[in-house]
Amino acid sequence: MAVEQKRVALVTGSTSGIGLAIARRLASSGCDVIITGLADQDVIDSILDEFKKNYKCRCSYVGGDFTKEDEIANLCKEITTIHPEGIDILINNAGFQYVCKIDEYPIDMWNKMVAVHLTASFLLIRYFVPYMKKKGWGRIINTSSQMGLISTPGKTPYSAVKAALIGLAKGTALETAEYGITCNAICPGYVETDLVRKQIHVMAKNESKTFDQKRNEFFGSCHPSKKPVTVEQVSGLVAYLCSDEAASTTGSAISIDAGYTAQ
Ligand code: NAD
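Residues numbered from 1 in each chain as written. Predicted model: local features only at pLDDT ≥ 70, side-chain atom pairs only at ≥ 80, totals over all residues. Heavy atoms only, no water.

What follows covers the pairing of strand 4 (residues 89-92). Two faces, one strand: in a regular strand the side chains alternate between the faces of the sheet. Alternating positions in strand 4 separate into two faces, Ile 89 and Ile 91 on one and Leu 90 and Asn 92 on the other, with burial throughout. When strand 1 (residues 8-11) meets strand 4, the two strands line up parallel, connected through three bridges. Across the sheet, residue Leu 10 finds its bridge partner in strand 4, namely Leu 90. As paired elements, strand 4 and strand 5 (residues 138-143) share four bridges and run parallel to each other. In the strand pairing of strand 5, Asn 92 is matched with Asn 142. In the classification by handedness, the crossover that spans strand 4, the intervening helix 4 (residues 107-135) and the parallel strand 5 is right-handed. (Buried < 20%, exposed > 50% of the residue type's maximum accessible area, 1.4 Å probe, protein only. Helix = DSSP H or I, 4+ residues; strand = E, 2+ residues; numbered from the N terminus. Pairing = 2+ DSSP bridges. Right-handed = clockwise from strand over helix to strand, strands pointing away.)

Structure, rendered in structure tokens:
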């Protein structure tokens, strides 16, 4: 599925995992891409080199720690310096996981969870929607999760912010529908990225298993398909949602979870 015209896309959390795959997919469709996320300079340099070599697009990195509202404001200003007409596509994807029972969950972790997943997404939508309204076209996608539809012990704050991202998508969709803008939430199942590998490491340690043993066990049982969702599958869904064909898909929470939430 191609993005039909030259568009400018901001993909948050695109220095690794799902976000990087989305950035690659949009760049291969001809979009100019803004990469952002927390990463060492050598990682950022190698991503920029790769995009320059492989895609005919303008690719920029703009940094910012999403726990800090002033850094998000600076990121917005920097992006509009590079692209004075603003962006066409906003993928709110930055995130992290912290697993802990609710009665022991550190309050600073709760605040960080809300800031990175939810407040950052709200601030970016708030800043960039006026540019999209002016263009009469826009695409906003919030990376929620299967955990935004259901939950599991230890992931209560994560589920809370992922469910809130669905509400944020629905309200934004209603407020922007008549301006040619769509806003949706995607709800992936388990994807093998750093975020999930860190959880597998902890489970392997707690169960005195090797990482590979636990990895095979986990992905062999996590979904009805007995397979992980792949970053390519998620980025393919995002590319569809960014196309003109998806103009009537708005305000939706779309599962891509290999059947997990159908159970
Ligand atoms: P990942 O760890 O590979 O990527 C996370 C990205 O978010 C990185 O680029 C990181 O730098 C960025 N980030 C984290 N904290 C940040 C901060 N304070 N400021 C700015 N950027 C920050 O993980 P991933 O699995 O690719 O996760 C991407 C999104 O997908 C997350 O929102 C996650 O909750 C969601 N998700 C993941 C899965 C999964 O199974 N991996 C499933 C459903 C949803």
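Segmenting the chain into domains produces domain 1 (8-190 + 229-257) and domain 2 (192-228). Look at where the C-alpha atoms of domain 1 and domain 2 centre, and you get two points 25 Å apart. Between domain 1 and domain 2, the contact holds 15 residues from the first and 12 residues from the second. Interface area, domain 1 with domain 2, both sides summed: about 840 Å², of which 65% is carbon and sulfur. On the domain 1 side of the interface with domain 2, the three residues burying the most area are Gln 97, Tyr 190 and Val 229, jointly 58% of the side's total. Connecting domain 1 to domain 2 are zero salt bridges. Seen at the junction of domain 1 and domain 2, the total is two residue pairs in polar contact (both at pLDDT 80 or more). Here the side of domain 1 that touches domain 2 is built from residues that sort into six nonpolar, seven polar and two charged. (Domains from an automatic or database assignment. Contact = heavy atoms within 4.5 Å. Buried area = accessible area lost by both parts, 1.4 Å probe. Salt bridge = Lys/Arg side-chain N within 4 Å of Asp/Glu carboxyl O. Polar contact = N/O pair within 3.5 Å; in protein donor to acceptor, adjacent residues only side chain to side chain. Nonpolar A, V, L, I, M, F, W, Y, C, P; charged D, E, K, R; others polar.)

Let us look at the site of the ligand. Inspection of the region around the ligand gives 30 residues, with Thr 15, Ser 16, Tyr 158, Val 191 and Thr 193 positioned closest. One of the side-chain N or O atoms of Thr 15 is found 2.7 Å from an oxygen atom in the ligand. Between the ligand and Ile 18, the relevant distance is 2.8 Å, taken from an oxygen atom to a main-chain nitrogen or oxygen of the residue. Protein contact buries 94% of the 830 Å² of open area that the ligand shows by itself. (Near = heavy atom within 4 Å. Areas by Shrake-Rupley, 256 points an atom, 1.4 Å probe, with all protein chains shown as cover.)

This part covers the sheet that holds strand 5. Spatially, the seven strands line up as an open sheet ordered 3-2-1-4-5-6-7, and their pairing is parallel. What marks the edges here is a single partner per strand, and that holds for strand 3 (59-61) and strand 7 (253-256). Each strand axis lies, on average, 20 degrees off the axis of its neighbour in the sheet, ignoring direction. Relative to strand 3, strand 2 (residues 32-35) runs parallel, the two sharing three bridges. Paired with Val 33 across the bridge in strand 3 is Cys 59. Contacts from helix 1 (residues 17-28) reach strand 1, strand 2 and strand 4, with the element oriented near 170 degrees to strand 1. (Axes fitted to C-alpha atoms, helices over the stretch in contact; angles between N-to-C directions.)

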